[in-house]
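Listed here are the chains, written in short residue letters.
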Amino acid sequence: MASLQEQLMKAGLADEKKVREVRKEKRKQRKQQPKGAAVVNEAEERARKARQEKAERDRQLNLERKQEAEKKAIQAQIRQLIETNRLDRSRCETSYQFVDGKKIKKILVNDTMVDQLSRGRLAVVRLGENYDVVPEKVATKIMERDEVAVIVLHDRQQDDVGEDDPYAGYEIPDDLMW
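Residues numbered from 1 in each chain as written. Predicted model: local features only at pLDDT ≥ 70, side-chain atom pairs only at ≥ 80, totals over all residues. Heavy atoms only, no water.

### Describing the packing of helix H3 (residues 42-85) against helix H5 (residues 136-145)
The cut-off we apply is this: Think of each axis as a best-fit line through the C-alpha atoms, taken over the contacting stretch in the case of a helix, with angles from 0 to 180 degrees between the N-to-C directions. Helix numbers and strand numbers start at the N terminus; a helix is a DSSP run of H or I with at least 4 residues, a strand a run of E with at least 2. The cut-offs work like this: below 35 degrees is roughly parallel, past 145 is roughly antiparallel, 65 to 115 is roughly perpendicular, and the gaps in between are oblique. Pairs of residues are marked as contacts when any of their non-hydrogen atoms sit within 4.5 Å. As a working rule, the residues Ala, Val, Leu, Ile, Met, Phe, Trp, Tyr, Cys and Pro are called nonpolar, Asp, Glu, Lys and Arg charged, and the rest polar, with Gly in that last group.
Contact pair H3 / H5: the axes reach a minimum separation of 10 Å and the direction vectors enclose 170°. With respect to their mutual orientation, H3 and H5 come out roughly antiparallel. Facing H3, whose interface residues are Ile 74, Gln 77, Ile 78, Leu 81, Ile 82 and Asn 85, H5 presents Val 138, Lys 141, Ile 142 and Arg 145. By residue class, the composition of the contact of H3 with H5 is six nonpolar, two polar and two charged.

### Points about the pattern of salt bridges
Side chains that carry opposite charge are capable of pairing whenever their charged atoms lie near each other. The cut-off we apply is this: Any Lys or Arg side-chain nitrogen found within 4 Å of a carboxyl oxygen on Asp or Glu counts as a salt bridge. Each residue gets one of three labels from its accessible area relative to the maximum for its type: buried under 20%, exposed over 50%, partly exposed in between, using a 1.4 Å probe on protein chains only.
A complete count under the given rule lists six salt bridges for this structure. A salt bridge links Lys 54 to Asp 58; the shortest N-O distance between them is 3.2 Å. Residue Lys 54 and its partner Asp 58 are both found in helix H3; the two are separated by four residues, about one turn of the helix. Owing to a relative accessible area of 45%, Lys 54 belongs among the partly exposed residues under this scheme.

### Focus on a nonpolar patch on the surface
Rules: Each patch is built from residues that are more than 30% exposed by relative accessible area and take part in no salt bridge. Like charges join if they lie within 9 Å; nonpolar side chains (Val, Leu, Ile, Met, Phe, Trp, Tyr) join within 5 Å. Note on areas: these come from Shrake-Rupley sampling with a 1.4 Å probe, and a residue is covered only by the protein chains present in the view.
Together, Leu 4, Leu 8 and Leu 13 make up a nonpolar patch on the protein surface, roughly 320 Å² of accessible area in all. Its place among the elements puts Leu 13 in the loop between helix H1 (4-11) and helix H2 (16-32). The exposure class assigned to Leu 13 is exposed, which follows from its relative accessible area of 66%.

### A look at the side chain of Asp 100
For clarity, the cut-off: By the criterion applied in these results, polar contacts are pairs of N or O atoms within 3.5 Å in which, for protein atoms, one can donate a hydrogen and the other can accept it, and in which residues neighboring in sequence qualify only through two side-chain atoms.
In this fold, Asp 100 is placed in strand E1 (residues 94-100). Classification of Asp 100 as buried rests on a relative accessible area of 13%. For Asp 100, the side chain forms a polar contact with the side chain of Tyr 131, separated by 2.4 Å.

### Quick notes on the sheet that holds strand E4 (residues 130-135)
The test is simple: If DSSP finds at least two bridges between two strands, the strands pair.
With respect to topology, three strands assemble into an open sheet ordered E4-E3-E5, the strand pairing being antiparallel. Bordering the open sheet on either side are E4 and strand E5 (150-152), each of which pairs with just one other strand. Sheet twist, expressed as the average angle between the axes of neighbouring strands with direction ignored, equals 40°. Two elements, strand E3 (residues 122-127) and E4, share six bridges in a ladder whose sense is antiparallel. Its bridge partner lying in E4, Ala 123 is registered against Val 134. The sheet strands contacting helix H4 (residues 111-119) are E3 and E4, and the helix crosses E3 at an angle near 95°.

Written out as structure tokens, the structure reads:
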């Protein structure tokens, strides 16, 4: 098998003069480069850059996948917290209204839940399209993971003594004037 130069000369596409000029030009290029310097091939350079770009894209995709997996894990934790700690509202008749975004929503609770919701002992949380009532401690754990999931959590009052209030049995008269 003849070399490409010989094949081109036989076909009449190149002549002896052009072949000599090309050889001379290649020799000049080799001699102009300092000794020990590697010949930089453009194809190798492009391949190296392509590998670097591909590696960078792969890192970005892996980072996005990792963030997506973390979001799913957080949502699963929130779902588990709500499902295990939600209060039973099956026999509730009192309507409790609250604002979710720009809409007013309503859930059924009992009278003690209304009182505890207003005092900040209970909170309304969203799980998908449903709303549930959970204790304050669970709501704070949910807020650590995702603040948007907690819809209603009032600030607890410092003077709110709680269930063991010594004056809980005494009612304030309606006609009391300060």
